Amino acid sequence: MKHPICVNSDCKICESSLCCTKINNFGVKRSGIEILKNVNLHIHCGDLTAVIGPNGAGKSTLLKAILGEISHTGELQFLDANNGTTKPSMGYVPQKLDLDSTSPTSVLDLFAAAHTNLPIWFTYPKKIRERVRESLALTHGEHLINKRLGELSGGELQRVLLALALDPVPHLLLLDEPVSGIDQKGLELFYQTVSTLRKNYDLSIILVSHDLNLVAEYANRVAFVNNRTIECCGTPQEVFTNEKVIQTFGLDWSNRFQRVEKDWVANALLV
Ligand SMILES: Nc1ncnc2c1ncn2[C@@H]1O[C@H](COP(=O)(O)OP(=O)(O)OP(=O)(O)O)[C@@H](O)[C@H]1O
Ligand SMILES: [Mg+2]
């Protein structure tokens, strides 16, 4: 299922007339302390927007506010194909999840609870099993269907949660450091899966990550959260050459982007 293409013309930063999720002037206070203020972000269908920033900057808070899990000021709009405004459907993979390792709940139970009203002791119909297996196959996790949640490794659990977040495919997928427990092979698989989903479903993705190399490789937009707001947003090249970002992360990536530019020129000459 592809999301509809938006013809909304008042989206100023939309370069290609795609549908758009707008975060307008978000602010969050917790226990009376201002965590985020004046946060503005536009995300177009097919965009992979990476959210970067130091520990405690407010990245997870931003995702939870977008989800509606914590209260915020400002508004969230999804502009659809008919110039209409709706609430976007969302999938979410949290930064951490506290699971009872002794619980008998299986991966199949988790999906069934999300999609049916069947009690846990019920023998699930074959078509439910097949649907769950298909969902898990998206993240190469179909072999995990009968495992107990408590016995999954960190990386396996993240695959299951990503598959669950994608069933049904949402307008907006929110991933909070979803690969923190995944090994190198799983990491590449994860980013390839996310890239394929992006293309196939025109999915908007917001990914919080501390892995700046992978962000530079896979994201097409980057938002830098610092001092309680988004201090800069743009292409990876724009953000990673921004003075505030360089200072915060101690980066010297000038050569990296020069090299990429040289590669582009070399590739262009080969065509
Ligand atoms: N329930 C709460 N009450 C008060 N302050 C909170 C609460 N939850 C989070 N905070 C504070 O909000 C700030 C932002 O936290 P958040 O978890 O969003 O940071 P983060 O950017 O995701 O950090 P990390 O990279 O370590 O995951 C922190 O200073 C944190 O202590
Ligand atoms: Mg966080």
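Anyway, here's the lowdown on the structure attached to this text. (Residues numbered from 1 in each chain as written. Chains lettered and ligands numbered in written order. Predicted model: local features only at pLDDT ≥ 70, side-chain atom pairs only at ≥ 80, totals over all residues.)

## Notes on the overall build of the chain
Here comes step 1: Looking only at helices and strands, the chain features nine helices and 10 strands.
Here comes step 2: Considering only contacts in the chain between residues 6 or more positions apart, those separated by 24 or more positions represent 64%. (Helix = DSSP H or I, 4+ residues; strand = E, 2+ residues; numbered from the N terminus. Contact = placed C-beta atoms within 7 Å.)

## What to know about the site of ligand 1
Here comes step 1: Every one of the 13 residues lining ligand 1 counts as a neighbour, but Arg30, Asn55, Lys59, Ser60 and Thr61 are closest to it.
Here comes step 2: Mapped by element, the contributors of at least two residues to the shell around ligand 1 are strand 2 (33-44) and helix 1 (59-67).
Here comes step 3: With three residues, the top contributor of residues to the shell around ligand 1 is helix 1.
Here comes step 4: Taken together, the residues of the shell around ligand 1 break down into three nonpolar, eight polar and two charged. (Near = placed C-beta within 6 Å. Nonpolar A, V, L, I, M, F, W, Y, C, P; charged D, E, K, R; others polar.)

## Remarks on helix 1
Here comes step 1: Counting buried positions along helix 1 gives seven out of nine residues, so the element sits mostly inside the fold.
Here comes step 2: Trailing helix 1 by a residue or two, Gly68 shows a phi angle of about 85 degrees, which is positive. (Buried ≥ 20, exposed ≤ 12 C-beta atoms within 10 Å, placed from the backbone.)

## Structural notes on the pairing of strand 3 (residues 48-52)
Here comes step 1: When you tally the buried positions in strand 3, you get five out of five residues, the bulk of the element.
Here comes step 2: Burial along strand 3 is two-sided: the residues Leu48, Ala50 and Ile52 and Thr49 and Val51 are all buried.
Here comes step 3: Pairing of strand 3 with strand 8 (residues 204-208), which is carried by four bridges, proceeds in the parallel orientation. In the sheet register, Ala50 faces strand 8, and the bridge partner there is Leu207. (Pairing = 2+ DSSP bridges.)

## Describing the packing of helix 2 (residues 107-115) against helix 3 (residues 126-137)
Angle between the axes and distance between the axes: these two values describe a pair of packed helices.
Here comes step 1: Two elements in contact, helix 2 and helix 3, have axes whose closest approach is 10 Å; the angle formed by their N-to-C orientations is 105 degrees. Put simply, helix 2 runs roughly perpendicular to helix 3. Of the residues in helix 3, those in contact with Leu108, Phe111 and Ala112 of helix 2 are Ile128, Arg129, Val132 and Ser135. (Axes fitted to C-alpha atoms, helices over the stretch in contact; angles between N-to-C directions. Parallel < 35°, antiparallel > 145°, perpendicular 65-115°, else oblique.)

## Some details on the nonpolar core
Here comes step 1: In this structure, Val51, Leu174 and Leu207 are the most contacted members of the largest nonpolar core, which totals 64 residues.
Here comes step 2: Counting contributing residues, this core receives three or more from each of domain 1 (1-89 + 168-271) and domain 2 (99-167).
Here comes step 3: When near neighbours in sequence (up to four residues on either side) are disregarded, Leu207 contacts Leu48, Ala50, Val51, Leu175 and Ala219. (Core = buried A, V, L, I, M, F, W, Y, C linked by C-beta atoms within 7 Å. Domains from an automatic or database assignment.)

## Details of the environment of Asn226
Here comes step 1: Structurally, Asn226 is set in strand 9 (residues 221-226).
Here comes step 2: Along the backbone, Asn226 and Ile52 are 174 residues apart, and their C-alpha atoms lie at a distance of 8.8 Å.
Here comes step 3: Ignoring anything within four residues of it in the chain, the contact list for Asn226 reads Gly53, Pro54, Ala57, Glu231, Lys244 and Thr248.

## Digging into the pairing of strand 6 (residues 90-93)
Here comes step 1: Residues Met90 and Tyr92 line one face of strand 6 and the alternating positions Gly91 and Val93 line the opposite face, and both faces are buried.
Here comes step 2: Across four bridges, strand 6 lies against strand 7 (residues 172-176) in parallel orientation. Considered in strand 7, the bridge of Met90 is made with Leu172.

## Quick look at the sheet that holds strand 8
Hydrogen bonds between backbone groups are what pair the strands of a sheet, and the pairing can be parallel or antiparallel.
Here comes step 1: Spatial ordering of the open sheet is given by 6-7-8-3-9-10, a layout of six strands whose pairing is mixed. The strands lining the two open edges of the sheet, one partner per strand, are strand 6 and strand 10 (229-234). If you compare each strand with its neighbour and ignore which way they point, the axes differ by 15 degrees on average.
Here comes step 2: Docked against the sheet, helix 1 engages strand 3, strand 6, strand 7, strand 8 and strand 9, running at close to 150 degrees with respect to strand 7.

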